[in-house]
Amino acid sequence: MTQHADRIRSYRRAIVTIAVAALCYEAIARSGYFPAVLVPTLPKIAMALWRSLLDGSMLSHAGFTLYRVLFGFSLAIVVGVPLGIMMARYRPVQNFVLPLASAFMPIPSLAWVPLFILWFGLGNTVAVLVVFYAATFPILLNTWSGVRSVNPLWLRAAGAMGADENLLFWKVIIPGASPFIITGLRQAFLRAWIAVVGAEMIAASDWGLGWTIFDAKEFLNADMMIASLVVIGFIGFVFERLVFGSLEQATVMRWGMVKTVRS
Amino acid sequence: MRWRVIARTAYPFLVVAAIWEIVARLEVFPRRLFPPLEEIAAAFARLTLSGVLPHHAFDTLIRLTAGFALAAIAGVMIGILMGRFRRAEDIFLPLVTIAAPIPGLAYAPLFLLWFGLGHFSAVLLVAFVSAFPVVFNTWTGVKAVKDIWVRSALVMGADNPKLFRHVILPGALPYILTGLRLGLAQAWRVLVGVEMLAAVPWGLGWMIFGAREFLNTDVMLAGVAVIAMIGLALEKLVFEKIENYTVVRWGMMS
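Residues numbered from 1 in each chain as written. Chains lettered and ligands numbered in written order. Predicted model: local features only at pLDDT ≥ 70, side-chain atom pairs only at ≥ 80, totals over all residues. Heavy atoms only, no water.

Chemist: How should I be thinking about the packing of aromatic side chains in this particular structure?
Modeler: How two aromatic rings sit relative to each other is given by the distance of their centres and the angle of their planes. With the rule as written, the count across this model stands at 23 aromatic pairs over all chains. Where Tyr133(A) meets Phe137(A), the ring centres are 5.3 Å apart and the plane angle is 80°; that geometry is what we call edge-to-face. Of this pair, Tyr133(A) and Phe137(A) both sit in helix α6 (residues 124-148), four residues apart, which is roughly one turn of the helix. In this pair, the class of Tyr133(A) matches that of Phe137(A), namely buried. An aromatic cluster is defined as three or more aromatic residues linked by ring pairs; in this entry it consists of Trp112(A), Phe116(A), Trp119(A), Phe120(A), Tyr133(A), Phe137(A), Trp20(B) and Phe34(B). Above the face of the Trp144(A) ring, Arg148(A) is positioned so that its terminal group lies 4.3 Å from the ring centre. (Phe/Tyr/Trp six-rings, centres within 6.5 Å; stacked < 30°, edge-to-face > 60°. Helix = DSSP H or I, 4+ residues; strand = E, 2+ residues; numbered from the N terminus. Buried < 20%, exposed > 50% of the residue type's maximum accessible area, 1.4 Å probe, protein only. Lys NZ or Arg CZ within 6 Å of the ring centre and 35° of its normal.)

Chemist: Hey, could you run me through the interface of chain B and chain A in this one?
Modeler: One frequent convention defines the size of an interface as the accessible area lost when the parts assemble. The interface is formed by 48 residues belonging to chain B together with 43 residues belonging to chain A. Each partner contributes to the roughly 4,400 Å² buried at the junction of chain B and chain A, and carbon and sulfur atoms together form 79% of this total. Broken down residue by residue, the surface that chain B buries against chain A is led by Pro103(B), Leu113(B) and Arg189(B), which jointly contribute 14%. Along the contact surface separating chain B from chain A lie zero salt bridges. Viewed at the interface, chain A and chain B are joined by three residue pairs in polar contact (both at pLDDT 80 or more). Counting only elements with at least two residues in the side of chain B that touches chain A, the list comes to α1 (2-26), α4 (86-99), α5 (108-115), α8 (160-197), α9 (204-213) and α10 (217-248) of chain B. Looking at the side of chain B that touches chain A residue by residue, the classes come out as 37 nonpolar, five polar and six charged. (Contact = heavy atoms within 4.5 Å. Buried area = accessible area lost by both parts, 1.4 Å probe. Salt bridge = Lys/Arg side-chain N within 4 Å of Asp/Glu carboxyl O. Polar contact = N/O pair within 3.5 Å; in protein donor to acceptor, adjacent residues only side chain to side chain. Nonpolar A, V, L, I, M, F, W, Y, C, P; charged D, E, K, R; others polar.)

Chemist: Would you explain a nonpolar patch on the surface in this entry?
Modeler: Residue and element names in this part refer to chain A. Taken together, the side chains of Met47, Trp50, Leu53, Leu54 and Leu59 define a hydrophobic patch exposed on the protein surface, amounting to about 540 Å² of accessible area. The element best represented in the nonpolar patch is helix α2 (residues 42-54), accounting for four residues. When its relative accessible area of 44% is taken as the criterion, Met47 is described as partly exposed. (Patch = residues over 30% accessible without salt bridge, like charges linked within 9 Å, V, L, I, M, F, W, Y side chains within 5 Å. Areas by Shrake-Rupley, 256 points an atom, 1.4 Å probe, with all protein chains shown as cover.)

Chemist: Where do I start with the pattern of salt bridges in this structure?
Modeler: Think of it this way: side chains of opposite charge can pair up when their charged atoms draw near. Residue and element names in this part refer to chain B. For the structure on display, the rule yields eight salt bridges over all chains. Measuring nitrogen to oxygen at the nearest pair gives 3.2 Å for the salt bridge that ties Lys143 to Glu89. Taken together, the residues Lys143 in helix α6 (residues 119-144) and Glu89 in helix α4 connect sequence positions 54 residues apart. We classify Lys143 as partly exposed; its relative accessible area is 47%. You can call Glu89 buried: its relative accessible area is 11%. Ionic pairing is found between Arg151 and Asp147, a salt bridge with its closest N-O pair at 3.6 Å. Placement of the pair is Arg151 and Asp147 together in helix α7 (residues 147-155), with a separation of four residues, close to one helical turn. Several salt bridges share partner residues, and in doing so they unite Glu21, Arg25 and Glu38 into one network.

Chemist: Please explain the environment of Ala45(B) as it appears in this structure.
Modeler: Considering the arrangement of structural elements, one finds Ala45(B) in helix α2 (residues 37-49). Spatially, the C-alpha atom of Ala45(B) lies 9.2 Å from that of Ala222(B), the residues being 177 residues apart in sequence.

Chemist: Please explain the confidence of the model for chain B as it appears in this structure.
Modeler: Keep in mind that low pLDDT regions are not for reading the predicted coordinates in detail. All names here are of chain B. With 95% of its residues at a pLDDT of at least 70, chain B reaches an overall mean of 85. Of all the helices and strands in chain B, α10 carries the lowest mean pLDDT, 80, while helix α3 (residues 52-84) carries the highest, 91. Confidence metrics for the complex model read pTM 0.83 and ipTM 0.80. (pLDDT = per-residue confidence, 0-100.)

Chemist: When you look at the environment of Glu165(A) in this model, what are you seeing that I'm missing?
Modeler: Residue and element names in this part refer to chain A. Its location among the elements puts Glu165 in helix α8 (residues 165-202). Judged by relative accessible area, Glu165 falls into the exposed class, the value being 54%. In this structure the C-alpha to C-alpha distance between Glu165 and Gly84, which are 81 residues apart in sequence, comes to 17 Å.

Chemist: Looking at this model, I keep getting lost on the domain arrangement of chain A. Mind explaining?
Modeler: Residue and element names in this part refer to chain A. Domain parsing of chain A yields domain 1 (1-33) and domain 2 (40-255). Of note, the centres of domain 1 and domain 2, computed from C-alpha atoms alone, are 32 Å apart. Across the contact, five residues belong to domain 1 and six residues belong to domain 2. Summing both sides of the interface, domain 1 and domain 2 together bury roughly 390 Å²; the carbon and sulfur share of this comes to 63%. (Domains from an automatic or database assignment.)

Chemist: Mind showing me how you'd approach the side chain of Gln94(A) here?
Modeler: Residue and element names in this part refer to chain A. Mapped onto the fold, Gln94 is located in helix α4 (residues 91-104). Accessibility expressed as a relative area gives 11% for Gln94, which makes it buried. Ignoring sequence-local partners within four residues, the contact set of Gln94 consists of Met87, Pro99, Trp144 and Arg148.

Chemist: I'm lost on the packing of α2(A) against helix α3 (residues 57-89) of chain A in this one. Help?
Modeler: When two helices pack together, their arrangement is captured by the angle between the axes and the distance separating the axes. Residues and elements named next belong to chain A. Contact geometry of α2 with α3 gives a least axis separation of 4 Å together with a crossing angle of 80°. Relative to α3, the element α2 lies roughly perpendicular. Facing α2, whose interface residues are Leu49, Ser52 and Leu53, α3 presents Ser57, Met58 and Leu59. Each residue belonging to the contact of α2 with α3 can be placed in one class, and the counts come to four nonpolar, two polar and no charged. (Axes fitted to C-alpha atoms, helices over the stretch in contact; angles between N-to-C directions. Parallel < 35°, antiparallel > 145°, perpendicular 65-115°, else oblique.)

Chemist: In this structure, what is going on with a positive patch on the surface? I would like to understand it.
Modeler: Taken together, the side chains of Arg91(A), Arg148(A), Arg4(B) and Arg8(B) present a region of like positive charge at the surface. For Arg4(B), the position within the fold is in helix α1. Taking relative accessible area as the criterion, Arg4(B) reaches 59% and is therefore assigned exposed. (Lys, Arg positive; Asp, Glu negative; His and termini not counted. Charge placed at Lys NZ, Arg CZ, Asp CG, Glu CD.)

As structure tokens, then:
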């Protein structure tokens, strides 16, 4: 009960804070101290958002961005998860991949953008590849440590109960490693989301949320920029909470691998 | 033993280098776009000797240090306030929760519009973006300090500054360090991107981006190599050292 009251209280406080922040912003925007094009008022931003949603342009920008990020992300899963499992299971694979991964991981994915532009031209390929580069390493390394952290007792127990390699893999190793794998996917998506926006800005194609923001800068459309920021934040939030949250709920929490954490 | 470790670490790189070299030599792709390794090494040596590459790297590091220092100071302060005072938590938490999930580079054009092209915007953006993990982790760390430590320190007559210095700060430090580490990694990723956008005169990101205009693939790859080295050095030298000096020595982490 007190927890419930606490929650309502913190929601109320959050709303008050945001309202005050919005009012401050509005006051600054209306004060005329800054040029109106650079600091648009909130109704103007809302109008820009609404207009772009109505004529469908914002939706197709978001669609292109999502297509790029999901394509690259899926590629990263297809490569990262099996490779991570192989690294954990076979020593030579680990010896080969691990040094490479730790050398390439600290390179920011955006550093590859100019090179990829030269190699593949402007457009979708660059964005997809950059997303792939950004997302692969967290998935790879988390899968690797997840499989290695599977309790050896479980493996022996399953082996003693007559599980063959195949069964062992699907029924013990994959579920056992899944909390790590899901954490890896989560981190990877965050990085992928950053990478796709950056790649769209630098490798300007003509669609995508990152491109919208960058393009709006040229025409001093600060209202459009902030509207795109809102959409980007919203999509990121939806993925983080809904997609990965429910993925976690449906798998590792139901299996009792991690405790339900309610904040 | 030592040699074997070095050899084992080196051999994947040799394999990749050999494949690269073969592909480049066979000229599967145009040579300008896919230069062999010795051309990249030559570009690296040429740029290093002429002082161009060190200048780019130096400016990038200055920006990184300035931005990250701002983020660390502001982030730790806000995080501690949020952890200690209910009111501060109420004010900052909603704002941070809204602003944090937006990818850092998405703010870049807005910052460029507001603060102009160049150095200042780049540093400010890096600071802004890398502050979020610092704030979140510091806040969690301060909240995770055991209540019983605080109460026993109070009973033993610790005043507020003492409590802060000897209980809260050391107690929260493992989290704060994690936050700083994440923040630095974030700063590094954003900085390279923003240098391409902000039209700064020097900087590794700009060097790579500028080299594209002239199809100088060798220069670009040399730049990427330097970026990789700096990233690796940040990870291995800076943070592992700090961790060893503090939390590991205090027995808070093994």
